[in-house]
Amino acid sequence: MTVPCQRGFSLLELLVVMFVIVIITSMVSLAVNSGGQDLRLESDVRNLADVARYAMDEAELSGDDFGLLLQRNDSSDRQGIIYSWRQRRPEGWRLPELARDVFQDTELPAEVVLELELDSVPVPDFESTEEAVDATPQVIFYASGETTPGALQWRDRAEGDLLWRLEWDMLGRFTTLRRGLADDDDAF
């Protein structure tokens, strides 16, 4: 009677299997991390559109103009963009008196560059948060229910790829566009 030859795995075979496992794990980890960043950015874009709509409604109801102020945050190491909301009062543009939790300042991820167009004309670089103490907002939502038509574009800082575009017309109708392309579900 012959005994079958029992053979185990060689060291080389084990190393190849381990290498394949490490590669697959790395790819899954990268996919999960980039997906999380994409979801956060989508949430930021949609939140900005929602708060802008709210500011437009609040301007009409209160009779006060509201504005969106975009500034460079030079105080942090990342040099991101901060957007904040302002309300026009007799003493000038100030933080809104009502709904402070809705109108809170938001800092965009440092990996993203934000570009603003008003009436299809690009707006140059934003002022620094340190320079613009009483700055006038770039986008104003008038109590009459109108605003200057415009768009915001979020671009990847490293590659320059268009990630999101938020457009609005004179009546404040907003449209979010992933990669600048319209989806039926994205129009607001």
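Basis of the calculations
- Numbers given for residues are sequential positions, taken from 1 along each chain in its written order.
- With pLDDT at 70 or above as the cut-off, local features in this predicted model cover only qualifying residues; side-chain atom pairs require 80 or more to be listed or tallied, and sums for whole chains, interfaces and linings still use all residues.
- Hydrogens and waters are ignored; side-chain quantities use all the structure's heavy atoms.
- Helix and strand definitions follow DSSP, with helices as H or I runs of at least four residues and strands as E runs of at least two, each counted in order from the N terminus.
- Each residue's exposure class comes from its accessible area (1.4 Å probe, protein chains only) as a fraction of the maximum for that residue type: buried when under 20%, exposed when over 50%, partly exposed otherwise.
- Under the rule applied, a polar contact is a pair of N or O atoms within 3.5 Å (in protein, one hydrogen donor and one hydrogen acceptor; residues adjacent in sequence only if both atoms are side-chain atoms).
- Two residues qualify as a contact provided that any one of their heavy atoms is within 4.5 Å of a heavy atom in the partner residue.
- Buried residues of nine kinds, namely Ala, Val, Leu, Ile, Met, Phe, Trp, Tyr and Cys, make up a nonpolar core once their side-chain atoms join them within 4.5 Å.

## With respect to the side chain of threonine 147
Relative to the helices and strands, threonine 147 is located in the loop between strand S7 (139-141) and strand S8 (150-156). Relative accessible area serves as the criterion here: at 4%, threonine 147 is assigned to the buried category. Among the polar contacts made by the side chain of threonine 147, one reaches the main-chain carbonyl oxygen of isoleucine 140 at a distance of 2.7 Å. Look past the residues within four positions of threonine 147 in its chain and what remains in contact with it is Met56, Val139, Ile140, Phe141, Tyr142, Trp168, Asp169, Met170 and Gly172.

## Focus: the nonpolar core
Of all hydrophobic cores here, the largest spans 31 residues; its most connected members are Leu68, Trp85, Phe141, Leu152 and Trp154. Of all the secondary structure elements, the ones that give two or more residues to this core are helix H1 (11-62), strand S1 (66-72), strand S2 (81-89), strand S5 (112-118), S7, S8 and strand S9 (162-168). Counting residues per element, this core draws most heavily on H1, at nine residues. Ignoring any residue separated from it by four or fewer positions in sequence, one finds leucine 152 in contact with Leu48, Leu68, Leu70, Leu114, Glu115, Leu116, Trp164, Arg165, Leu166 and Trp168.

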